[in-house]
Amino acid sequence: MTAESGTFCPRCGDPVERPTGADRRGTGESGTTRRERMLCTACYLEEFDLVDVPDRVQVDVCARCGAVHRGNRWVDVGAKDYTDVAVDAVTEALGVHVQAEDVAWEVTPEQVDQTNIRMHATFTGTVRGEEVTESVTVPVTIAKGICTRCGRISGDYYASLVQVRADGRDPTAEETERAVEIANEVVAEMEATGDRNAFITEVSETRGGLDMKLSTNKIGKKVARNLVTEFGGRVEDSETLVTEDEDGNEVYRVTYAVHLPRYHPGDVVDLDGDGGPVLVRSVKGNLKGVRVTTGEPYEASYEEGNAPDGRVVGTRTDAEETTVVAIEDENAVQIIDPETYESRTVARPAYFDADADVVPTLKSRAGLHILPGN
Ligand SMILES: [Zn+2]
Ligand SMILES: [Zn+2]
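Definitions and limits used
- Residues numbered from 1 in each chain as written.
- Chains lettered and ligands numbered in written order.
- Predicted model: local features only at pLDDT ≥ 70, side-chain atom pairs only at ≥ 80, totals over all residues.
- Heavy atoms only, no water.
- Axes fitted to C-alpha atoms, helices over the stretch in contact; angles between N-to-C directions.
- Helix = DSSP H or I, 4+ residues; strand = E, 2+ residues; numbered from the N terminus.
- Parallel < 35°, antiparallel > 145°, perpendicular 65-115°, else oblique.
- Left-handed = near helix turned anticlockwise from the far one by under 90°.
- Contact = heavy atoms within 4.5 Å.
- Nonpolar A, V, L, I, M, F, W, Y, C, P; charged D, E, K, R; others polar.
- Pairing = 2+ DSSP bridges.
- Patch = residues over 30% accessible without salt bridge, like charges linked within 9 Å, V, L, I, M, F, W, Y side chains within 5 Å.
- Areas by Shrake-Rupley, 256 points an atom, 1.4 Å probe, with all protein chains shown as cover.
- Salt bridge = Lys/Arg side-chain N within 4 Å of Asp/Glu carboxyl O.
- Lys, Arg positive; Asp, Glu negative; His and termini not counted.
- Charge placed at Lys NZ, Arg CZ, Asp CG, Glu CD.

As recorded in an unreviewed UniProt entry, the protein chain goes by the name NMD3 family protein, listed as coming from Halanaeroarchaeum sulfurireducens.

Below you can see the structure in the form of structure tokens.
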């Protein structure tokens, strides 16, 4: 009464009571052969392999930066030791039988030496309603090499050169420091998107500025653009074919020459011609500012751009707070000369605050001038 006629285990010959569910699933019971489906539970479990593991697993790591080779690329894992990496590699390499349910596993790594870890793993799962357990040991070898990026870094590889220069002057320390900062920011941004080939090869001070060798054209372009966004000026780029990369592609090296503007916001510039010095507000596009004699706005012509002829006589930060003595009329005011402490009559710009007791002033070879309050 137990078995349907003709249903016997092909291994031990015992009659098999087919679970009705299995019939309904028919051949949909994936991952099993027809013979396996015919086996009695005892025989099925005896032949059952809960996990399929490779004989050994090799993990390639970069000896320089610790990156791990996965698939066909290098991945930064930030691992201090490689036990976790080895566990991940084993996890990836093993296969669990599709017929097993509620599979859980536990792994105990055994560090054999610096480069060998033995993974003792125990798996449990449910198969045909029975709990099964299987223990395996997988030897893992940590193979040290050099990743693509570290190979390039050590080979002084670079694909773009950013030259930081300034028109009619040397870049200031602030500008060159900021340029390096911007390069680091751009590289960090690229790294955050998973780009491993973003790095700064070399930063060097040169006559008239700073040179930065960067790993990709994209970084060079972005650094140059960000510099101009921040400081004004312009970029000239030029391309040269230098070599072929490891895959035989032509490698163009692009030079981005950044020309920072001659003047900075905050400079007080004695411009050639009449009208008195100008406090520079902006050097993006045409130079814009304010006349410190009258308070009238100033904008350089299209031809002059951000570099009208003139010379810097001081900056906004050089200004000193000076006592107002008396207002003479709408064009003149008396203030204390910050050097001689004598009362002097100077031009009264429109931004002068008639209620102010002290005003910022700049004494320069262009004279004594009241600057705007901000
Ligand atoms: Zn059997
Ligand atoms: Zn590396």
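Draft legend 1. Representation of the packing of helix H6 (residues 173-192) against helix H7 (residues 217-231). Running from N to C, H6 and H7 cross one another at 135°; their axes reach a closest spacing of 9 Å. Accordingly, the angle class assigned to the pair H6 and H7 is oblique. Crossing handedness for the pair H6 and H7: right-handed. Within the contact between the two elements, H6 uses Glu174, Glu175, Arg178, Ala179, Ile182, Ala183, Val186, Val187, Glu189 and Met190 and H7 uses Lys218, Ile219, Lys222, Val223, Asn226, Leu227, Glu230 and Phe231. Considered class by class, the residues forming the contact of H6 with H7 number 10 nonpolar, one polar and seven charged.

Draft legend 2. Representation of the sheet that holds strand E16 (residues 288-291) in the model. Strand order in this open sheet of five strands is E17-E16-E15-E14-E18, and the pairing throughout is antiparallel. The open sheet has two free edges, formed respectively by strand E17 (297-299) and strand E18 (310-315), since each of these has just one partner strand. Strand-to-strand twist of the sheet, defined as the mean angle between neighbouring strand axes without regard to direction, takes the value 40°. Across two bridges, strand E14 (residues 267-271) lies against strand E15 (residues 278-282) in antiparallel orientation. What sits directly across from valine 269, in E15, is valine 278.

Draft legend 3. Fine view of a negative patch on the surface. A grouping of Asp272, Glu303, Glu304 and Asp309 is seen on the molecular surface, where their side chains present a negatively charged patch. Of note, glutamate 304 is situated in the loop between E17 and E18.

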